[in-house]
Amino acid sequence: MGGCSGDYQALLGQLQQQMALMQDTSTLLDPFMRLEGLDKLRFSEHCTERPGAFPSDNALRTLGRRDFLRMLSSTLQRVLHRLAVLQQHLPETQDLEELGVARWNILGLKNNIYCMSQLLGGASELAPTTAAPGTSPPPTPAPDAFQSKLQGCRFLHGYHRFLHSARRVFSQWGSSPSRR
Amino acid sequence: MVFQIQISRFNSSNIIWVGNYSTTVKQNQVLHWSWESELPLECATHFLRIRSMVDDASFPKSTIWSNWSSWEKVDVQDSLGQDTLFVFPNDKLVEEGSNVTICYISRNNQNNISCLLEDEQINGEQLDPHVFAFNLNNVPFIRETGTNFYCQRNKTVKGIVLFVSKVLEEPKDFSCETQDFKTLNCTWDPGRNTDLRKHASQRYTLFEFYSGEKKLCKHKNWCNWQITQDSQETYNFTLIAENDLRKRSVSILFNLTQRVRPMTPFSVSFETVSATNAMMTWKVHSIGNYSSLLCNVELYGEGRMIQQHNVSVKVNGEFLLSELEPNTKYTAQVRCAYDKHIWKWSEWISQSFITLEAAP
């Protein structure tokens, strides 16, 4: 992980900025839908988040700060794996550039989460060993191309919603790093 | 023997196809025959029966059909699983312009199912209480990640991706040449790329008739062939282009000595440059024993070609450029060709020089 800033306010601001950028569906979901031909009005109703794929809004809000950071880190770790799988299904000639950018952004975000956890005195527990509580294991590999597309867009829909929810939790953090 | 085969769909009385298959038969031999259904086999139960007849002039009296076999039932729907809505065929690969039949199977009797091709709702033909079929004609290529067809009932959505590939073209401008009598460089224009995400299968193979040798090429528009030293002069190459759906080939016949394109000359230099003369020298890559090249020298002054000469060269080329103007900048360029048969010239190489000032 990169070096950590000890400035709580600066770190919190950075985290919120990163998430504000990454929660925007134009950074990943929309280009994926275009590439797969799912960017059709009538199809969008089917591209909804699969329940249990990501921690719910409520689950995020009820966690203590350190548990919340741990959940964030392990969920993002899972996203990285899933994005690698998505990459394999893409045609060589049409690399999804946004996928590569998203993976760098996630690594940057995880780094800041680690720094915030260190600042709160709990970084060592961030090793992503256990699955995030409140999330079900990834779906079985898609049997065919259509299911693979459907699972992909549902997953990315959930990813953006999860970042949106997590950002809202950060926005309710006070101005000082008091433990809770 | 001649075998007559009947195929029915949904029930044995609904015969949809009849055909004959003739072949010679040996004792206890197992015969194979295949038939491709335009309707995905998952969409309907199929029935098949067969009868035979000896078709041999030496047994004229035996030209009567045997009895029909009993109907053989082919039902895939039992193995489909628990879902209530299915769409077939899965991940089918077809060529642009072909016709495709898609079907959905609904396990319950609700008929509030709508199906869309990309974003357009389309109507199907009911084949039986649970099965609807959709005939797509002349399907276009839309994108490499496939054409989406899906059916929805309330929140349930099931679909398929139809992988429509462009039609493989016959390679154009297929030709081979050598620079050194060691390697033949074959090139061609492959035309459209027909590879898709899960169906990247477009490949090229070189086959040489006289040697019987074959080579799978790594690239889609060029391939090297090692010239064996058994002094084979004539080559009959067939370039085979294929993908999962189609195969095409083109052939060329040529004499090796008529396909020599020398490498670009090198080390151009000017020695003993005077006010009005310059000795131009250059080197050429050897192209086998006893071979010489014809080199073309052009001299440019003030942007205009002012001299042109042909020089025969074996290893080192030289030419005296004369009648030059003092204290003037010139550019000379040289290229070479195989003197026995000019197939193609090498690339040019050029170099500039300035003549000396005239003596006072």
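The shown structure was predicted, so the numbers you read here are calculated from the model rather than taken from an experiment. (Residues numbered from 1 in each chain as written. Chains lettered and ligands numbered in written order. Predicted model: local features only at pLDDT ≥ 70, side-chain atom pairs only at ≥ 80, totals over all residues. Heavy atoms only, no water.)

Q: How would you sum up the overall build of chain A? Please name residues and give values.
A: Looking only at helices and strands, one finds six helices and zero strands in chain A. Listed N to C, the secondary structure of chain A is α-α-α-α-α-α in terms of helices and strands. Looking at chain A as a whole, 46% of its 180 residues qualify as buried. Excluding contacts between residues fewer than 6 apart, the proportion of contacts in chain A whose partners are at least 24 apart in sequence is 87%. (Helix = DSSP H or I, 4+ residues; strand = E, 2+ residues; numbered from the N terminus. Buried < 20%, exposed > 50% of the residue type's maximum accessible area, 1.4 Å probe, protein only. Contact = heavy atoms within 4.5 Å.)

Q: Kindly report on the pairing of strand S18 (residues 222-226) of chain B, identifying the contributing residues and their values.
A: Residues and elements named next belong to chain B. Side-chain alternation along S18 places Cys 223 and Trp 225 on a buried face and Trp 222, Asn 224 and Gln 226 on a face that remains uncovered. In this structure, strand S15 (residues 183-189) lies alongside S18, joined through five bridges in antiparallel fashion. If you follow Leu 184 over to S18, its bridge partner there is Trp 225. (Pairing = 2+ DSSP bridges.)

Q: Before we move on, could you go through a nonpolar patch on the surface and cite the residues and values that matter?
A: A grouping of Met 1, Val 25, Leu 31 and Val 54 of chain B is seen on the molecular surface, where their side chains present a nonpolar patch of about 250 Å² in accessible area. Considering the arrangement of structural elements, one finds Val 54 of chain B in the loop between strand S3 (46-53) and strand S4 (72-74). (Patch = residues over 30% accessible without salt bridge, like charges linked within 9 Å, V, L, I, M, F, W, Y side chains within 5 Å. Areas by Shrake-Rupley, 256 points an atom, 1.4 Å probe, with all protein chains shown as cover. Salt bridge = Lys/Arg side-chain N within 4 Å of Asp/Glu carboxyl O.)

Q: Go over the sheet that holds S18 of chain B with me, naming the residues and quoting the values.
A: Residue and element names in this part refer to chain B. Here three strands make up an open sheet; going across it, the order is S14-S15-S18 and the pairing antiparallel. A strand with exactly one partner marks an edge of an open sheet, and here the two such strands are strand S14 (172-178) and S18. Neighbour-to-neighbour, the strand axes of the sheet open up by a mean angle of 20°, direction not taken into account. In terms of strand pairing, S14 meets S15 through five bridges, oriented antiparallel. In the sheet register, Thr 178 faces S15, and the bridge partner there is Leu 184. (Axes fitted to C-alpha atoms, helices over the stretch in contact; angles between N-to-C directions.)

Q: Would you mind going over helix H1 (residues 8-22) of chain A in detail, with residue names and values included?
A: Residues and elements named next belong to chain A. Here H1 is 15 residues long and its end C-alpha atoms lie 21 Å apart, about the 21 Å a rise of 1.5 Å per residue gives. On the buried face of H1, the contacting elements are helix H4 (65-88), helix H5 (97-119) and helix H6 (145-171). With a side-chain oxygen positioned 3.0 Å from the backbone nitrogen of Gln 9, the residue opening H1 is Asp 7. (Expected span 1.5 Å × (residues − 1). Polar contact = N/O pair within 3.5 Å; in protein donor to acceptor, adjacent residues only side chain to side chain.)

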